[in-house]
Each structure stands twice: as structure tokens, then as C-alpha cells.
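Listed here are the chains, written in short residue letters.
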Amino acid sequence: PLGGVLALAQRARKPMQKSDPPNLAPSRRSAIRSFKVMDVVAKADRLARAGREIYHLEVGQPQSSAPQPAIRVAQEQLAADRCGYTSARGEPPLRQAIADMYLREYGVTVSTDRIHLTPGSSGAFTIAFMAAFDVGDAVAVPAVCYPCYRNLLQCYGVEVISLPVDAKYNVTAAVLAAGQHDRAAAGLPAIKGLILSSPANPTGAILTPEELKALCEHCDRTGVQFISDELYHKIVFEGAPRAACALEYSSSPIIINGFSKAYSMTGWRLGWLIAPDHLDSCVDALNQNMNVSAPTVSQRAAVAALGEEAAAELAQHVKRYEDNRAVVVSGLQRMGVQTHEYAPPQGAFYLYADLGRLGVADSLGMCDALLQDAGVAVTPGVDFEEEGSGVGERRVRLSFPGTTEHVAEAMRRLVEWWESEAGLRWRGGAEARGGANGAANGAAHA
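Note that this is a predicted model, so its numbers are computed, not measured. (Residues numbered from 1 in each chain as written. Predicted model: local features only at pLDDT ≥ 70, side-chain atom pairs only at ≥ 80, totals over all residues. Heavy atoms only, no water.)

**Let's talk about the packing of aromatic side chains**
Alright, step 1. Here the structure, examined in full by the defined rule, presents 14 aromatic pairs.
Alright, step 2. With centroids separated by 6.4 Å and ring planes inclined at 85°, the aromatic side chains of Tyr 102 and Trp 272 adopt a geometry described as edge-to-face. A residue pair is termed long-range when its members are at least 10 positions apart, and Tyr 102 in helix α4 (residues 92-106) and Trp 272 in strand β8 (residues 271-274) qualify at 170 residues. Of the two residues, Tyr 102 and Trp 272, both sit in the buried class. (Phe/Tyr/Trp six-rings, centres within 6.5 Å; stacked < 30°, edge-to-face > 60°. Helix = DSSP H or I, 4+ residues; strand = E, 2+ residues; numbered from the N terminus. Buried < 20%, exposed > 50% of the residue type's maximum accessible area, 1.4 Å probe, protein only.)

**Description of the pairing of strand β2 (residues 115-118)**
Alright, step 1. Side-chain alternation along β2 places Ile 115 and Leu 117 on one buried face and His 116 and Thr 118 on a second face that is also buried.
Alright, step 2. The sheet contact formed by β2 and β8 spans 4 bridges and is antiparallel. If you follow Thr 118 over to β8, its bridge partner there is Gly 271. (Pairing = 2+ DSSP bridges.)

**What about the nonpolar core?**
Alright, step 1. Counting 92 residues, the largest nonpolar core has Tyr 102, Leu 194, Phe 226, Phe 259 and Trp 272 as its most contacted members.
Alright, step 2. When near neighbours in sequence (up to four residues on either side) are disregarded, Leu 194 contacts Val 139, Ala 140, Leu 163, Leu 176, Leu 215, Cys 219, Val 224, Gln 225, Phe 226 and Ile 227. (Core = buried A, V, L, I, M, F, W, Y, C linked by side-chain atoms within 4.5 Å. Contact = heavy atoms within 4.5 Å.)

**Structural notes on the side chain of Arg 395**
Alright, step 1. As for its placement among the helices and strands, Arg 395 is situated in strand β11 (residues 395-399).
Alright, step 2. The exposure class assigned to Arg 395 is buried, which follows from its relative accessible area of 12%.
Alright, step 3. A polar contact is formed between the side chain of Arg 395 and the side chain of Glu 385, at a distance of 2.8 Å.
Alright, step 4. Sequence-distant contacts of Arg 395, defined by excluding residues within four places in its chain, comprise Val 144, Tyr 169, Tyr 352, Ala 353, Asp 354, Ser 363, Pro 380, Gly 381 and Glu 385. (Polar contact = N/O pair within 3.5 Å; in protein donor to acceptor, adjacent residues only side chain to side chain.)

**Some remarks on the pattern of salt bridges**
Alright, step 1. Enumeration according to the criterion identifies 24 salt bridges in this entry.
Alright, step 2. Where Arg 300 meets Glu 91, a salt bridge forms, and the shortest distance between an N and an O atom there is 3.0 Å. Here Arg 300 is found in helix α10 (residues 296-305), whereas its partner Glu 91 is found in the loop between α3 (68-80) and α4, with 209 residues between them in sequence.
Alright, step 3. For Glu 91, a relative accessible area of 17% gives the class buried.
Alright, step 4. Note that Arg 395 is salt-bridged to Asp 354, the shortest N-O span being 3.2 Å. (Salt bridge = Lys/Arg side-chain N within 4 Å of Asp/Glu carboxyl O.)

**Considering the confidence of the model for the protein**
Alright, step 1. Averaged over every residue, the pLDDT of the protein is 91; residues scoring 70 or more account for 91%.
Alright, step 2. Low pLDDT, under 50, characterises residues 430-446; the stretch is placed with 22 contacts to residues that sit more than four places away or in other chains. (pLDDT = per-residue confidence, 0-100.)

**So, the packing of helix α5 (residues 120-132) against helix α9 (residues 280-291)**
Alright, step 1. Where α5 meets α9, the axes come as close as 10 Å, and the angle between the chain directions of the two elements is 130°. If you check the angle between α5 and α9, you find them oblique. Handedness of the crossing formed by α5 with α9: right-handed. Residues Gly 123, Thr 126, Ile 127, Met 130 and Ala 131 of α5 form the contact with α9, whose own contacting residues are Cys 282, Val 283, Leu 286, Asn 287, Met 290 and Asn 291.
Alright, step 2. For the contact of α5 with α9, the residue count by class is 7 nonpolar, 4 polar and no charged. (Axes fitted to C-alpha atoms, helices over the stretch in contact; angles between N-to-C directions. Parallel < 35°, antiparallel > 145°, perpendicular 65-115°, else oblique. Left-handed = near helix turned anticlockwise from the far one by under 90°. Nonpolar A, V, L, I, M, F, W, Y, C, P; charged D, E, K, R; others polar.)

**A closer look at the side chain of Ser 399**
Alright, step 1. When you line up the elements, Ser 399 lands in strand β11.
Alright, step 2. Ser 399 gets classed as buried once you look at its relative accessible area, which sits at 1%.
Alright, step 3. Within the structure, Ser 399 has its side chain in polar contact with the backbone oxygen of Val 59 (distance 3.0 Å).
Alright, step 4. Discounting chain neighbours no more than four positions away, the residues touching Ser 399 are His 56, Leu 57, Glu 58, Val 59, Gly 60, Phe 349 and Tyr 350.

**Comments concerning the packing of helix α12 (residues 363-374) against helix α13 (residues 404-418)**
Alright, step 1. One can describe the packing of α12 onto α13 by two numbers: an axis separation of 11 Å at closest approach and a directional angle of 110°. Judged by the angle between their axes, α12 and α13 are roughly perpendicular. Each of Met 366, Ala 369, Leu 370, Asp 373 and Ala 374 in α12 lies in contact with α13, whose residues at this interface are Arg 413, Leu 414, Trp 417 and Trp 418.

**Regarding empty space enclosed by the protein**
Alright, step 1. According to the stated counting rule, one finds 4 cavities of 30 Å³ or more in the structure shown.
Alright, step 2. Around the largest cavity, the lining residues are Pro 142, Val 144, Cys 145, Tyr 149, Tyr 169, Asn 170, Val 171, Leu 196, Ser 197, Ala 200, Asn 201 and Leu 207.
Alright, step 3. In terms of residue class, the lining of the largest cavity is made up of 9 nonpolar, 3 polar and no charged. (1 Å grid on protein atoms, 1.4 Å probe; cavity = no way out; pocket = protein on both sides within 12 Å on 5 of 7 lines; lining within 4 Å. Points joined across faces, edges and corners; volume = space filled by probe spheres on them.)

**Observations regarding the sheet that holds β2**
Alright, step 1. Sheet architecture is open: 7 strands sit in the order β2-β8-β7-β6-β5-β3-β4, paired in mixed fashion. A single partner strand is all that each edge strand has here, and the edge strands are β2 and β4 (159-163). Strand-to-strand, the axes of this sheet are offset by a mean angle of 20°, without reference to chain direction.
Alright, step 2. Here strand β3 (residues 138-142) pairs with strand β5 (residues 191-197) via 3 bridges, running parallel. Looking at β5, one finds that Ala 140 is bridged to Leu 194.

**With respect to the environment of Thr 222**
Alright, step 1. In this fold, Thr 222 is placed in helix α8 (residues 209-222).
Alright, step 2. By relative accessible area, which is 36% here, Thr 222 ends up partly exposed.
Alright, step 3. On a C-alpha basis, the gap between Thr 222 and Lys 192 in space is 9.1 Å, while along the polypeptide they are 30 residues apart.
Alright, step 4. A distance of 2.8 Å separates the side chain of Thr 222 from the backbone oxygen of His 218, its partner in a polar contact.

**A look at helix α2 (residues 36-49)**
Alright, step 1. A rise of 1.5 Å per residue sets the reference length of α2, with its 14 residues, at 20 Å; its end C-alpha atoms lie 20 Å apart and thus fit the reference within 8%.
Alright, step 2. Residues of α2 that are buried: Val 37, Val 40, Lys 43, Ala 44 and Leu 47. On an axial view of α2, the arc spanned by its buried residues comes to 125°, and they lie on one face. Across α2 from its buried face, at more than 90 degrees, point the exposed residues Arg 46 and Arg 49. (Expected span 1.5 Å × (residues − 1). Arc of directions from axis to C-beta.)

See below:
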């Protein structure tokens, strides 16, 4: 018997043999693009673990912690309760706190029965897409948008329609109407849905209340299921339009929001979806089957995150983001980027810049070199643009939710690398460098 045990132990120590059984392969629906920013995050993490000092301008993750009241509640709950499953819709106290917030901030009465808690807003997107759309449906997104819209919709067999953005980087009712007209004239199926964010990722652009009202009314009039991604509400800068809620103008949109961005609770994985009446029961069933329930500790802590004590703390975060925006703009000016070459960031914590005039034609390669050479992580524009458009290859997104000191040092390194021989290789040689310097000097004298 002992010999048999030893033989088993010896076999257990042998490495597992890798094999590819016949007829096993990834599904066709899984052949989607990777989320490029997470590729950058992974490489930045590997470099940091190897001892490199890394400055993050890539990921939309506040460096501040969750609000202190939320942390206290989480600690208390972990010490006192087993924190088991909740109902799929979520615990009543949090759903009531969310409903109270909508009444207080938007003047909208939301039934707690229509609020569904999800593991992050990403969990809400998957449920919304599956509830509202069938294989083959045509769903519109802005030409410049959060990449997971396209990637997930394609995974579900949806035809993704890119709508051009206007001069303010928004999709308006007029833009949607033009897209609908073009499809009808070409004999193509009608647009079934539209998803967009305001404030927007990656641009920080915001629809005015009037623009959002017109968009909601047009969607209702033409039978388009509008999904309003409102994750960056509460991160709005001075002088920007008010970030209105789509429920102010219609009861039919799907609303998606969460605690990751405005509440600095990214890893707590808690979002919510407000379902219209015609989708409520199927959203609940999908949430039950796909997620069971959102994290219990996070739900209880989030009630405190919505309270008055936390609000004062979170307002200081927005002030810091606004200061950081000025630091990023100043750095871009030193690089020779002109104001018309980036989206005017009115909210969120991103700046989306077009570097094509300065010679950049491979944003993915440039961002990889910048990270390797200077330790600065930036997201290539190919993550946010339609594949094959050629536009993302000259654009980058800079994310600035960190400390002002961190952002300032990141921009200092970025500008220094941009002017170095290594940076010059990614922007068309000496001619581009002269153009950049000239533009920078012009901006300095303006």
C-alpha cells in the first residue's frame, strides 16, 4: 500500500500535459477585441512588480479610497454578520437610498421595485443588452465610445452601428435621425437601440438637458430602446451643463449607474440598473441567473456612501479632478497639442486627444513605448474607435483621477519623453518635432 501511495505522489508531482482535444475551440461569439486599457494595466502591473515606478494615466480608477462612512459600515458588517446572499434585486435599504437620491437630485420618483443591484455597472450592461436586444438587432453607439459597448454587443450577435459625434463629441437627436434615415434609404433594418454615456468616456463630453430631452423624445417616437449610461454623474466641472437624468424626460430608458467612479468604489463591484416596466421582470430573471446577487458588504456600505457625510468628502474629489484637468491641459500645450485637437472635458476624469497632426499614426505602439521607456501608462485611442476607422491610431486617452502630484509628475515625464529621441520616433521625425515646438510657442504667446 505504501508503494502505491508513493507512486501516486510521484505522478501528482508530474506537470500536467497540455493537449488540444479534437473539435474543441473557442466560440465564434468570443472573438471580440480585448479591452485595451486592461492590457495596459496588466503590463503596468508587471513592470511595477519588477521594481519600476509607474505613473498611471490609463485606467479610470480614482486613487482615493471609498468614503470613510462606507468603510466604517463595511468593517462593522464584516465583524458582525456572515454577509450571505441578498435577493437579486438587492437589499431594500440601498434601493430606497438610491430612489431617494433620484428624487433629491433629479426630481424624479423611481419605484424601488425597478432598481436592480448588479456586480458593478458592467454587470448591468450585460443584463440590459440581453434583456433588450436579440441576435441580429441593430444597436447604435457613438463613433467614439466606451469599448465594452461594442465588444459586448458583438458578443451577443448584435449589429453595432457607429453614429458620428458632433463638434462637441456628442450624439444628438439630429445625429440619430440622420443615421435612421440613411439606413431606411439603404433598405437596412431599423435601429433598435442606442447606448451612450453623458458625461462620456473617453471624452468627458456632456449632453445639455435640452439635448438629452430631445434625444429621449426622439427615441420614444421612433421605437428606439435608449440605454443611458450615467456612471459619471456627480463628476461635472464648473461651467459645464447640468448632467440630467434620462428619466426626467421619459420612463422608457434603461438607466445604468454605479459606485465605481463618483464614489471611488471600483473594487467594491456595485452598480445598479433602473428598468422600464416592459423589461423589469426579464431583468430580474437575468440578474438571478447570471449574478445571484451583488456583494452584500458593498450594498450595506453603499447606503452610507449616499449619505450627507460622504457627500462632503466626495465633493473634494471632484475639485481635485478639476485641478488635475488643468495640469493635463497644460502638459498637452507644452507638447504642441491645440485646443481643437482634444474633446472639451466637461465631466468625468478623461481627456481625449488627437495627435495625428503631430505625426502619431500608431497609438498602440506609442503608448507601449511610453510605458516601457518613461513608466507612464496611457490608453491608445484604438480602444474607443471603430476597428478599421484609422482614427484611433492617432488618438490617446489620458485619465486623471489620481492625486494632483501624481498627475503632474506623469505629465512631466510624458512631455520629457515626447521631446526625446525615443518619443520623436513615434511622431514622424524632426519635421513633426518642429511643428510641435512651433505650436507650443504659439500657445505660450496666445
